[in-house]
Amino acid sequence: MPRNPALRPVSQAERRCLHQEGNDRYAAALDDVRRAIVWLTGLGMPVLAVAILRTGPVIHVAPSPQLHIKLDDVADIGQTNHGGLLKRRYAARRYDVQIQWEELQ
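Residues numbered from 1 in each chain as written. Predicted model: local features only at pLDDT ≥ 70, side-chain atom pairs only at ≥ 80, totals over all residues. Heavy atoms only, no water.

Further remarks concern a nonpolar patch on the surface. On the surface, a cluster of nonpolar side chains totalling about 340 Å² of accessible area is made up of Y26, L30, V50 and I52. For the nonpolar patch, the elements supplying multiple residues, two or more each, are α1 (12-42) and β1 (47-53). Topologically, I52 is positioned in strand β1. (Patch = residues over 30% accessible without salt bridge, like charges linked within 9 Å, V, L, I, M, F, W, Y side chains within 5 Å. Areas by Shrake-Rupley, 256 points an atom, 1.4 Å probe, with all protein chains shown as cover. Salt bridge = Lys/Arg side-chain N within 4 Å of Asp/Glu carboxyl O. Helix = DSSP H or I, 4+ residues; strand = E, 2+ residues; numbered from the N terminus.)

See below:
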C-alpha cells in the first residue's frame, strides 16, 4: 500500500460514485444550457454553438445590440485585429452558463 492515500487504487464502488457524480454535473449543465437557450431564443437571439467545458457550459450567439441591453453583466474578454478590423469578444452569465459573442468594430 502506498504511503500517500491519494495514490491508492480506486475501488469499483468509488469509480461508480465518481462516474455518477460526473453524470449529475453533466445533467445539471445540460439543464442550465436548455434554460439559457430558451431565454435567448425567446429574445430572438440566434444560438451558433454550445460547448460544455470543464469550466462550465458556453453558448456562442450571433452579435446583437440587444445583448448589451438585456445582459447587465457584460465583460470584454479580448480583442484581435483582423485585416484592419477590430474583433472584440464579450461574455456574460445567465443560468450558470457563459454566453459569448464577437463584434467587429
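Now that the structure is up, let's keep going.
Another point: unusual backbone geometry. In most cases, non-glycine residues show a negative phi, while peptide bonds are predominantly trans. The backbone of Y95 sits at a positive phi, close to 55°, despite the residue not being glycine. With respect to the helices and strands, the residue Y95 is situated in the loop between β4 (85-94) and β5 (97-104).

With the rule as written, the count across this model stands at one aromatic pair. Ring geometry for Y90 against W101: centres 5.8 Å apart, planes inclined by 25°, an arrangement best described as stacked. Remark: W101 occurs in strand β5 and Y90 occurs in strand β4; sequence separation between them is 11 residues. This pair shows no difference in class: Y90 is buried, exactly as W101 is. (Phe/Tyr/Trp six-rings, centres within 6.5 Å; stacked < 30°, edge-to-face > 60°. Buried < 20%, exposed > 50% of the residue type's maximum accessible area, 1.4 Å probe, protein only.)

Nothing here speaks to function; it is all geometry.
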